[in-house]
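Observations on chain architecture
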Amino acid sequence: MNGVYNVVAVQDAARRITGISTQRGNGYSIQIVSPRYVSATEIERLLQPFAPEGGILRVDENRNLLLLAGTGQEITTMLEVIKTFDVDWLAGACLMTRRDV
């Protein structure tokens, strides 16, 4: 692959990103995630123990978005954790209503 490769400390890597790509490679990248069933703030709290240092760049509560950063493997791991917790817990539940007779 042609291009310029910069070797920087991980704490400086997020500031060196020049764009956002939909493809994850082996290098350092940023991914935007929009949880469907759980708030981004709650996902951030659940993700903290699994995320690398600096892995959660920002939480946008108004848009319900998380900005994740890391290597391809780190982002894959964080997405798997999000997938585990971002579920519709009431899907398939039979809700009963009370009818007065």
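**Overview of the side chain of Asp-86**
- Summarising the element assignment, Asp-86 is placed in the segment after α3 (72–85).
- One buried charge, Asp-86, has no salt-bridge partner; the nearest side chain with opposite charge is Arg-36, at 6.2 Å.
- A distance of 2.7 Å separates the side chain of Asp-86 from the backbone nitrogen of Tyr-37, its partner in a polar contact.
- At a separation of 3.1 Å, a polar atom in the side chain of Asp-86 contacts the main-chain amide nitrogen of Val-38.

**Quick word on the sheet that holds strand β2 (residues 56–60)**
- The antiparallel open sheet is built from 3 strands, whose spatial order is β1-β3-β2. Across the chains shown, the open sheet's two edge strands, defined by having one partner strand only, are β1 (28–33) and β2. Neighbour-to-neighbour, the strand axes of the sheet open up by a mean angle of 15°, direction not taken into account.
- Pairing between β1 and strand β3 (residues 65–71): 6 bridges, direction antiparallel. Its bridge partner lying in β3, Ser-29 is registered against Gly-70.

**A few points about the packing of helix α2 (residues 40–47) against α3**
- Put simply, α2 and α3 touch, their axes get as near as 10 Å, and they point 120° apart. Viewed along their axes, α2 and α3 adopt a mutual orientation that is oblique. α3 is crossed by α2, and the crossing has right-handed handedness. Note on element contacts: α3 touches α2 through Met-78, Val-81, Ile-82 and Phe-85, opposite Ile-43, Leu-46 and Leu-47.
- Split by residue class, the contact of α2 with α3 holds 7 nonpolar, no polar and no charged.

About the criteria used
- The written sequence of each chain sets the order in which its residues are numbered from 1.
- Two thresholds apply to this predicted model, a pLDDT of at least 70 for residue-level local features and 80 or more for giving and counting side-chain atom pairs, whereas whole-chain, interface and lining totals are computed over all residues.
- Computation of side-chain values covers all heavy atoms of the structure but excludes hydrogens and water.
- Numbering goes from the N terminus for both helices and strands, where a helix is a DSSP run of H or I of at least four residues and a strand is a run of E of at least two.
- Working definition: with a 1.4 Å probe on protein chains only, accessible area under 20% of the residue-type maximum means buried, over 50% means exposed, and in between means partly exposed.
- Just so you know, the count uses Lys and Arg for positive and Asp and Glu for negative, and it drops His and the chain ends.
- Here a salt bridge means any side-chain nitrogen of Lys or Arg lying within 4 Å of a carboxyl oxygen belonging to Asp or Glu.
- Polar contact is defined as a pair of N or O atoms within 3.5 Å, subject to the rule that within protein one atom must be able to donate a hydrogen and the other to accept it, and that residues adjacent in sequence are counted only when both atoms are side-chain atoms.
- Two strands are counted as paired when DSSP detects at least two bridges linking them.
- All axes are obtained by fitting lines to C-alpha atoms, using only the stretch in contact for helices, and the reported angles, taken between N-to-C directions, cover 0 to 180 degrees.
- Each angle is binned into one of four classes, with values under 35 degrees roughly parallel, values over 145 roughly antiparallel, values of 65 to 115 roughly perpendicular, and all other values oblique.
- The sense of a crossing depends on the near helix, which, turned anticlockwise from the far helix by less than a right angle, makes the crossing left-handed and, turned clockwise, makes it right-handed.
- Two residues qualify as a contact provided that any one of their heavy atoms is within 4.5 Å of a heavy atom in the partner residue.
- For this classification, the nonpolar set comprises Ala, Val, Leu, Ile, Met, Phe, Trp, Tyr, Cys and Pro, the charged set comprises Asp, Glu, Lys and Arg, and every other residue, Gly included, is treated as polar.

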